[in-house]
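Observations on the model geometry
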Amino acid sequence: MANARVVYWFRTDLRLHDSPALKAALDLNPSVLWPIFTWDPHYVYQARGGVNRWQYLLDCQNDLSESIQKLNPKSKLFVLREAPQTLFPKLFKAWSVTHLVFEKDTDAYAQERDRVIIDLAKKAGVEVITRFGRTLWDSDEVVAQNGGKPTMSISQLQSAGRKVGEIPRPIEAPKSLPDPGEMPVEFDHEIPDVGPDLNGPLRSDGKDDKSYAYNIAGPKGDFAIETLEELGFPLATTPHRGGETLALKRLDEILSDEDYTATFRKPQTSPAAFEPVSTTLLSPYLHFGALSPRLFYWRVQDVISKRKDASSPPESLTGQLLFRDMYFAAQAAVGPSFTQTVDNPYVRFVPWHLPTLPDPSSEHERTYHIDNSEAETWFQRYKLGVTGFPWIDALMRQLRHEGWIHHLGRHALACFLTRGGCYIHWERGAEVFAELLLDHEPACNAGNWQWLSCTAFFSQYYRCYSPVSFGRKWDPEGKLIRKWVPELAKLDKKYIYEPWKADKQALKKAGVRIEGDGLGETEEGTYPEPMFDFNERRGKCIAGMKKAYQVGLKGDDEKVKDGTWAELFKGDPEAEVQDRGDEDEDEDEDDDGAHADDAEHGAHRGKKRGKEKQGPMDKFVKKQKK
DNA sequence: ACCGCAGTTGATACG
DNA sequence: TCGTATCAACTGCGG
């Protein structure tokens, strides 16, 4: 088809190596090919994403653009600053497009968007070609081979995968690219109705978002890649940088250490290691498509097949890719409800604190019900890394600053927030990770939170990570804590995981005082008190989980939605703290709560609610709710 | 229907 | 410092 005029739409496949969709585009032998990226208001405004991830995306875009230019100096990654839903109909016409090619996406929003785009293309007489390249196997095919059911275990994924067929071998990067055609954009620039700007708080100048202040081709009319400044964001803090070139270099480095590659066992890599980290750090590249999972898989496979002592899935390197596929295929089968409890038949209902509001108004950000002010305070302390448990705080601060922590560190944080400490809904934790992780993948994130909260995939809730001994096992000196919680840098290793036990002398020597809750203004040279007695909390959590397992509700149960689940949890202390239903409740509207002696607030305050401490958190809640 | 067993990665006490 | 038994007992799978 020598006269094909092809738009190649890059989305989550920011690479040239092993791209089945790009190959399909080039197989058309087009006379003209435009490599483009569109601005999507959903991602700019409505999907909360930290500055670190924005920078990583820009890195990937810039690297891809340079690689394209090397193949054809006339070409590059052309960024069009308009929503694809309004842009494409105009583009199809103005550029006389014959084909639109892109890699299939699996996430809920992306699927909905792509259905619209495919429909628009059809109306414009443009042929749409899609290929799957985001996972080892096409998730829809895996689901079909798994009897239409979500893959809930690695063995299910493996057996379904075997039926789908051999994982495709990687495809070479193109050696040349056609010229882009003319790119007239003399049509109206539609500014979308963006709705709530969830990323507003991240922007340097808040209200003054300049994202759409330029024309479709950017401030210089050259389709340049946006900058953090243009998006209104401050500088990123992460040291991790994106782009296919770096991804392939990093992969080469890993593979050059044959022993590491062949004997990799995930549970035995340290969550406390930094400089160098103990795992590959390739997940953010996978997320942005700068690295193809199949390329990764086969490069590893080719190294380890020579060795008899190689580790095997699920612990091995390739096993990590299988977990990713498992979550993608599970999401493909369950659908949009996969990332939540409500309507999800595969996730267990547990009466966690801070549950998602049953019917959030569409005009507002999805928010949650504050059933318990103590839990809300715990959650705020957790998010800021001031829980008073140094291991937890170090991990959270590393996550916030670098956008990446080791998988076992994520376990520790997830267990602590949910079934092993705070008894707060896993969806709250998933939202924190969704914002902060460079490698945030909705399916993997939700799946891992379900796993760690023992609501799906995993069920041994009595195995509980201790915020003290688990960290100490990996890092007895407390190096990770010393790096990320500098207040405690000089504390003796005897107390580094539990500074509240340190005697006056040790604290004085370390130059730190243990006081306060870490919120609001904190004094120099202080570190907060632990927000609860962990062993006491662990006991309550396990008892609560036991009850929830006995009750056995799943997310799609009517009782979950209509609130009658509460009757089934009578006698469960953790659930009764929720205090739902009767009387005045509505804590989130409670903006002028009077002061109460906080010390008396145990876990069982029963009905004596409504008079909560007015702290900095109340402000936060109001702001969040708008 | 029943039983036994495995399940990516625990904590603790003890020798 | 290490290996090992015990803890208290879940689900899903396969025979």
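Cut-off values and rules
- Residues numbered from 1 in each chain as written.
- Chains lettered and ligands numbered in written order.
- Predicted model: local features only at pLDDT ≥ 70, side-chain atom pairs only at ≥ 80, totals over all residues.
- Heavy atoms only, no water.
- Near = heavy atom within 4 Å.
- Polar contact = N/O pair within 3.5 Å; in protein donor to acceptor, adjacent residues only side chain to side chain.
- Helix = DSSP H or I, 4+ residues; strand = E, 2+ residues; numbered from the N terminus.
- Nonpolar A, V, L, I, M, F, W, Y, C, P; charged D, E, K, R; others polar.
- Buried < 20%, exposed > 50% of the residue type's maximum accessible area, 1.4 Å probe, protein only.
- Arc of directions from axis to C-beta.
- Contact = heavy atoms within 4.5 Å.
- Salt bridge = Lys/Arg side-chain N within 4 Å of Asp/Glu carboxyl O.
- Pairing = 2+ DSSP bridges.
- Axes fitted to C-alpha atoms, helices over the stretch in contact; angles between N-to-C directions.
- Parallel < 35°, antiparallel > 145°, perpendicular 65-115°, else oblique.
- Left-handed = near helix turned anticlockwise from the far one by under 90°.
- Phe/Tyr/Trp six-rings, centres within 6.5 Å; stacked < 30°, edge-to-face > 60°.
- Lys NZ or Arg CZ within 6 Å of the ring centre and 35° of its normal.

Points about the protein's contact with DNA strand B
In the region of DNA strand B, 19 residues are neighbours, and P267, H411, W451, S466 and S469 sit closest. Within 4 Å of the protein, the atoms of DNA strand B are drawn from sugar and phosphate moieties in a proportion of 43%. Measuring from a base oxygen of DNA strand B, one finds a side-chain N or O atom of H407 at 3.1 Å. Between DNA strand B and S469, the relevant distance is 2.8 Å, taken from a phosphate oxygen to a side-chain nitrogen or oxygen of the residue. Secondary-structure elements contributing two or more residues to the surface near DNA strand B are α13 (317-334), α16 (407-417) and α19 (469-474). Taken together, the residues of the surface near DNA strand B sort by class into 8 nonpolar, 7 polar and 4 charged.

Some remarks on the protein's contact with DNA strand C
All residues adjacent to DNA strand C are Q156, R348, S459, Q460, Y462, K546 and Y549. Sugar and phosphate atoms represent 78% of those atoms of DNA strand C found within 4 Å of the protein. Side-chain polar atom of S459 to a base oxygen of DNA strand C: 3.1 Å apart, as the coordinates give it. Its residues assigned to classes, the surface near DNA strand C comprises 2 nonpolar, 3 polar and 2 charged.

Structural notes on helix α7 (residues 154-164)
All of the buried residues along α7 are I154, L157, A160 and G161. All buried residues of α7 project into a common sector of 130° when viewed along the axis, lining one side. Projecting away from the buried face of α7 at angles above 90 degrees are the exposed residues R162 and K163. Where α7 is buried, its residues contact α6 (139-145) and α13. Positive backbone phi, approximately 130°, marks G165, located one or two places after α7.

Focus on the pattern of salt bridges
A full pass over the atoms with the stated rule returns 36 salt bridges. For R48, the salt bridge identified is with E435, shortest N-O distance 3.9 Å. Residue R48 is located in the loop between α2 (41-46) and α3 (51-71), and its partner E435 is located in helix α17 (residues 426-436); the two are separated by 387 residues in the primary sequence. On the basis of relative accessible area, E435 is assigned to the buried category, the value being 18%.

Details of the sheet that holds strand β5 (residues 127-131)
Taken in spatial order, the 5 strands make up an open sheet running β3-β2-β1-β4-β5, and their pairing is parallel. If you trace the sheet from one side to the other, it starts and ends with β3 (78-80) and β5, each paired once. Sheet twist, expressed as the average angle between the axes of neighbouring strands with direction ignored, equals 30°. Helix α1 (residues 20-27) rests against β1 (5-9), β2 (32-38), β4 (99-103) and β5 of the sheet, and its axis sits at about 160° to β4.

A few points about the side chain of N146
Relative to the helices and strands, N146 resides in the loop between α6 and α7. In this structure N146 comes out as buried when scored by relative accessible area, which is 16%. Within the local environment of N146, its side chain forms a polar contact with the backbone oxygen of P150, the two atoms lying 3.3 Å apart. Dropping the residues within four chain positions of it, N146 is found in contact with T151, Q156 and A160.

Examining the packing of helix α12 (residues 293-304) against α13
It is at 9 Å that the axes of α12 and α13 come closest, and there the two elements cross at 155°. Here α12 lies roughly antiparallel to α13, going by the angle between them. Pair α12 / α13 crosses with left-handed handedness. Each of P293, F296, Y297, V300 and Q301 in α12 lies in contact with α13, whose residues at this interface are L317, T318, L321 and R324. In terms of residue class, the contact of α12 with α13 is made up of 6 nonpolar, 2 polar and 1 charged.

Brief notes about the packing of aromatic side chains
Summed over the entire model, instances satisfying the criterion amount to 34 aromatic pairs. Taking the centre distance of 6.0 Å and the plane angle of 70° together, the rings of F349 and F569 count as edge-to-face. Taken together, the residues span a long stretch of sequence, with F349 in the loop between α13 and α14 (373-384) and F569 in the loop between α24 (565-568) and α25 (573-576) at a distance of 220 residues. A residue is classified by how much of its surface remains accessible, and F569, at 1% relative accessible area, is buried. Between F389 and W500 the ring centres are 5.3 Å apart and the planes differ by 75°, which places this aromatic pair in the edge-to-face class. Here F389, found in the loop between α14 and α15 (390-402), pairs with W500, found in the loop between α20 (479-484) and α21 (504-510); they are 111 residues apart in sequence, far enough to count as distant. Over the face of the ring belonging to Y549 we find R348, whose NZ or CZ atom lies 3.9 Å from the ring centre. We note R537 situated over the ring of F532; from NZ or CZ to the ring centre the distance is 5.9 Å.

Topic: the packing of α15 against α16
The contact between α15 and α16 brings their axes to 10 Å, and the two run at 115°. α15 and α16 meet at a crossing whose hand is left-handed. Taken together, the residues of α16 that come into contact with α15 (itself represented by W391, I392, L395, M396 and L399) are G409, A412, L413 and F416. Here the contact of α15 with α16 is built from residues that sort into 8 nonpolar, 1 polar and no charged.

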